[in-house]
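The lines below spell out each chain.
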Amino acid sequence: MTGVLTALPVLLPALGAGTSLLRPPRSVMRGLSIGVLTGVVVCGAALLVLADQRGPQVLHVGGWPAPLGVTLVADRLAALLLTVSALVALAVLVFAVGQGTAEGRGNSAAVFHPAYLVLVTGVGLAFLTGDLFNLFVAFEVMLAASYVLITLDADENRVRAGMTYTIVSLTSSLLFLSLVALVYAATGTVTLAQLGPRLAELPDGLRSGLALLLLAVLGIKASIVPLHFWLPDSYPTAPAPITAVFAALLTKVGVYALLRTQTLLFPRSDVWTLLACAAIVTMVVGILGALAQDDLNRVLSFALVSHIGFMLFGIALFDVQGLTGTILYVVHHIVVQAALFLAAGLVVRRTGTASLHRMAALPPPGPLIATLFVVPALSLSGIPPLSGFVAKLALLRAAAAQGTTAAYALAAAALFTSLLTLSTMARAGMAAFMERAPGPAEPSPKRPHGTGRVRSGGMRLMLAAAAGTTATGVAVAVCAGPLVGLAGRAAEDLLHPREYRSVVLEGSER
Amino acid sequence: MNTVDVTMAVVVGALFAAGFYLMLQRSLMRIVLGFVLLGHGTNLLLLTAGGTPGRPPLVDGKSDARIADPLPQAMALTAIVITFGLTAFLAALAYRSWRLSGHDEVHDDVEDRRIGTVRERTETDPAPGRDEDNAVPGEDR
């Protein structure tokens, strides 16, 4: 029974995608997608409870034991991220449905829904998979859907951006595949649970070569500076809901894969200096990039890159507290980044431009949207009662507890970045929401989508979705106590994967 | 530990080198071809990872010959399907780019260039035109 539950987060969206390819009426398709994602949220929550109480839930697909068959493993970390991701994916879907209603678009919905569900399938599979090759397949499923989504209804500019995105992602995927081949050639297995001990037997040079290749591959996917260049170039061109779901999920799946593979495959006992440097550079370069931008979506994209550095912070420390911080940060960031992009989508929709200096000359979009933007923006900057503060505090305490030079350098960079984030967000918020002295009324350059009052049902749905995401972000802060406990246990699992290994390899020879 | 066939190593290396070289070009068609070569190189690497070629796929219970490792072959098959599908997508995207812009070059990021002139624009012109790349589709056919 629990085996089926482990498979459902992958099966449900895959079957849903297949069904919606049959081109049912639009209302049926929407109901189906929303139903499927609700189902995934419920499954994820159930798995989380089971994994927390009874240990990792394992499914050997087709009854083949671990080294031979495909294994799905839902431990605390996987189930937690699965639940949060599905919840955010659901909110973004509601937003997209609202936007579709408000704009009355016809054709693209027939492609959007299947592609969106395939994306969720890939994300679910990436969280649950127990072997390296299957992780590659999950990335491919997810990215293939994202290629379709980013070039949906594309004009020239979006095709250009989509091309950059597609080529960079494909290159990293092929490098990932080469890594799988090299790892298999060296160890004779791709099951994550078996790889740790076997990789430990390899000569040092070979082992670090493989570790570096893995870091480069996942670095492209998680957009670690200097491998981040594709992200701020491509994400901002897509429509708001698509950018939101990409920003919330895709890079975080990369971070998850890094977390999972580094702890299982290349465990270490000290600070990882290389990753610590990468984390510092990522934080600082990302936020300086955000300061220089003029386009609201690009500001948020650079901020996204910068805050990937915070997640690397905890992985670089490589102890229980650091990993706890990283897990909290991933959860916080999935929700908050989606909320920010949805709010930015609403702002752009109201004002008709994404350019901050033009926005400053236009009437502000109103207090509701302002709240929806400012709350996640403050949370991202780490202002106390919100979720960003909880996650940042966990990271800083981990750094202080470790007390090495690298840890203090990381903490300093993190504080500096938080300050600059606040400044960036304040700049964007001022441009978008401050009431101006009545000057010569400038005509809005283009309002192709109307002001949103024409078809208010869709607009209301979009507002509700954005508000729901923001509320989830606040809920993360409200539930901080239990969440920190859960993240701590998940981090403990990651650093001491004996239970994970024994459960996965149960019934096989090793 | 298996020894690797030198021929295979050289071929894989050459495919990777040619693939990356082509991917660094500006023309989309060359990038697509580079991706195809890189995909072939990777698949060959996967096959090579399975050990020396020439072993039987199946043996009867009596003989003590080692069978060929089926796992890298299964992985290579999956990878071939994925690269095939994505090559088709990439080719379609390159075609669309050519239809929209009239050539198949990879463009610079327009926003990057605009960032450099933010200050001037905020002072003078609040609505800058986006009139780069006004090429008519199919112009240089």
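Residues numbered from 1 in each chain as written. Chains lettered and ligands numbered in written order. Predicted model: local features only at pLDDT ≥ 70, side-chain atom pairs only at ≥ 80, totals over all residues.

Enquirer: Help me understand the overall build of chain B in this model?
Expert: Of regular secondary structure, chain B possesses five helices and zero strands. Along chain B, from the amino end to the carboxyl end, the secondary structure elements read α-α-α-α-α. In chain B, which comprises 141 residues, the proportion classed as buried is 23%. For chain B, long-range pairs separated by at least 24 residues make up 57% of all intrachain contacts whose partners lie at least 6 apart in sequence. (Helix = DSSP H or I, 4+ residues; strand = E, 2+ residues; numbered from the N terminus. Buried ≥ 20, exposed ≤ 12 C-beta atoms within 10 Å, placed from the backbone. Contact = placed C-beta atoms within 7 Å.)

Enquirer: Quick question: what am I supposed to make of the overall build of chain A here?
Expert: Across its full length, chain A holds 20 helices and two strands. At 22 Å, chain A has a C-alpha radius of gyration in line with the 24 Å of a compact globule built from 510 residues. For the C-alpha atoms alone, the extent of chain A along its principal axes is close to 75 × 55 × 40 Å. Residues classed as buried in chain A amount to 61% of the 510 residues present. (Rg over C-alpha atoms; globule rule 2.2 N^0.38 Å.)

Enquirer: I would appreciate a short explanation of the packing of helix α15 (residues 367-381) of chain A against helix α18 (residues 456-478) of chain A in the present structure.
Expert: How two helices pack is summed up by the angle between their axes together with the distance between the axes. Residues and elements named next belong to chain A. One can describe the packing of α15 onto α18 by two numbers: an axis separation of 10 Å at closest approach and a directional angle of 30°. In terms of orientation, α15 and α18 fall into the roughly parallel class. Crossing hand, α15 versus α18: left-handed. Residues Leu368, Leu372, Val375, Pro376 and Ser379 of α15 form the contact with α18, whose own contacting residues are Leu463, Ala466, Ala467, Thr470, Gly473 and Val474. (Axes fitted to C-alpha atoms, helices over the stretch in contact; angles between N-to-C directions. Parallel < 35°, antiparallel > 145°, perpendicular 65-115°, else oblique. Left-handed = near helix turned anticlockwise from the far one by under 90°.)

Enquirer: Just checking my understanding: could you explain the nonpolar core for this structure?
Expert: Soluble globular proteins: nonpolar side chains tend toward being buried together. Core analysis: the biggest nonpolar cluster contains 225 residues, and Val92, Val180, Ala316, Ala338 and Leu342 of chain A have the highest contact counts within it. Those residues in contact with Ala316 of chain A that lie beyond four places of it in its chain are Val271, Trp272, Leu275, Ala276, Ala279 and Leu410 of chain A. (Core = buried A, V, L, I, M, F, W, Y, C linked by C-beta atoms within 7 Å.)

Enquirer: How should I be thinking about the environment of Asp294 of chain A in this particular structure?
Expert: Tracing the backbone through its elements, the reader meets Asp294 of chain A in the loop between α11 (273-292) and α12 (296-317). Separated by 134 residues in sequence, Asp294 of chain A and Ala428 of chain A have C-alpha atoms that sit 8.8 Å apart.

Enquirer: Could you clarify how one ought to interpret helix α6 (residues 156-187) of chain A in this entry?
Expert: Helical periodicity: at 3.6 residues per turn, an α-helix aligns residues three or four positions apart in one direction. Residues and elements named next belong to chain A. Across its 32 residues, α6 extends 46 Å between first and last C-alpha, which sits within 8% of the 46 Å expected from 1.5 Å per residue. Among the 32 residues in α6, 24 count as buried, and that is most of the element. Following α6 by one or two positions, Gly188 has its phi on the positive side, about 80°. (Expected span 1.5 Å × (residues − 1).)

Enquirer: What's the story with the packing of α6 of chain A against helix α2 (residues 28-48) of chain B in this structure? I'm lost.
Expert: Axis separation between α6 of chain A and α2 of chain B bottoms out at 9 Å; the angle between their running directions is 15°. Taken together, the axes of α6 of chain A and α2 of chain B are roughly parallel relative to one another. Between α6 of chain A and α2 of chain B lies a crossing of left-handed hand. Residues Met163, Ile167, Leu170, Leu174, Leu177, Ser178 and Ala181 of chain A of α6 of chain A form the contact with α2 of chain B, whose own contacting residues are Leu28, Ile31, Phe35, Leu38, Gly39, Thr42, Leu45 and Leu46 of chain B. Residues of the contact of α6 of chain A with α2 of chain B, tallied by class, amount to twelve nonpolar, three polar and no charged. (Nonpolar A, V, L, I, M, F, W, Y, C, P; charged D, E, K, R; others polar.)

Enquirer: Mind showing me how you'd approach the pairing of strand β1 (residues 57-60) of chain A here?
Expert: Note on strand geometry: in a regular strand, side chains alternate between the two faces of the sheet. Residue and element names in this part refer to chain A. Neither face of β1 is exposed, since Gln57 and Leu59 on one face and Val58 and His60 on the opposite face are all buried. For β1 and strand β2 (residues 71-74), the ladder comprises four bridges, and the chain directions are antiparallel. Of the residues in β2, the one forming a bridge with Gln57 is Ala74. (Pairing = 2+ DSSP bridges.)

Enquirer: Sorry if this is basic, but what is going on with the interface of chain B and chain A here?
Expert: Note on interface size: it is often stated as the accessible area lost on association of the parts. Between chain B and chain A, the residue contacts involve 34 residues of the former and 34 residues of the latter. Take the side of chain B that touches chain A: its biggest share by element is 13 residues, from helix α3 (residues 70-101) of chain B. By residue class, the composition of the side of chain B that touches chain A is 23 nonpolar, seven polar and four charged.

Enquirer: Please clarify how the environment of Ala426 of chain A should be interpreted in this entry.
Expert: With respect to the helices and strands, the residue Ala426 of chain A is situated in helix α17 (residues 405-433). Along the sequence, Ala426 of chain A and Val374 of chain A sit 52 residues apart, while their C-alpha atoms lie 8.7 Å from each other.

Enquirer: Explanation requested: the confidence of the model for chain B in the structure shown.
Expert: Regions with low pLDDT should not have their predicted coordinates read in detail. For chain B, the mean per-residue pLDDT works out to 79, and 75% of the residues sit at or above 70. Scored as a whole, the predicted complex attains pTM 0.90, and scored at its interfaces, ipTM 0.85. (pLDDT = per-residue confidence, 0-100.)

Enquirer: Could you clarify how one ought to interpret the environment of Leu48 of chain A in this entry?
Expert: Residue and element names in this part refer to chain A. The topology assignment puts Leu48 in helix α2 (residues 26-54). Spatially, the C-alpha atom of Leu48 lies 31 Å from that of Leu410, the residues being 362 residues apart in sequence. Once residues lying within four places of it in the same chain are set aside, the contact partners of Leu48 are Ala79, Leu80 and Thr83.

Enquirer: Help me understand α15 of chain A, please; the structure alone is not making it clear to me.
Expert: Residue and element names in this part refer to chain A. Spanning 15 residues, α15 covers 20 Å between terminal C-alpha atoms, matching the ideal 21 Å at 1.5 Å per step. A large share of α15 lies buried, amounting to eleven of its 15 residues. All of the buried residues in α15 are Ile369, Leu372, Phe373, Val374, Val375, Pro376, Ala377, Leu378, Ser379, Leu380 and Ser381. At the C-terminal side of α15, Gly382 shows a positive phi close to 85°.

Enquirer: Which parts of the structure should I look at to understand unusual backbone geometry?
Expert: With the exception of glycine, the majority of residues adopt a negative phi angle, and the majority of peptide bonds are in the trans configuration. Residues and elements named next belong to chain A. Backbone torsion omega between Val225 and Pro226 reads 10°, so that peptide bond is classified as cis. Assignment of secondary structure puts Pro226 in the loop between α8 (204-222) and α9 (231-234). Phi is positive for Ser223, close to 55°, though the residue is something other than glycine. Checked against the element boundaries, Ser223 lands in the loop between α8 and α9. Of note in the backbone geometry, Phe318 takes a positive phi value of approximately 55° without being a glycine. Counting through the fold element by element, Phe318 comes out in the loop between α12 and α13 (320-351). Classification of Phe318 as buried rests on a count of 22 C-beta atoms within 10 Å.

Enquirer: Looking at this structure, I do not really get the confidence of the model for chain A. What am I missing?
Expert: Confidence in the prediction of chain A, expressed as mean pLDDT, is 89, and 94% of residues score 70 or more. The low-confidence segment residues 440-454 of chain A (pLDDT under 50) makes 18 contacts with residues lying over four places distant or belonging to another chain.

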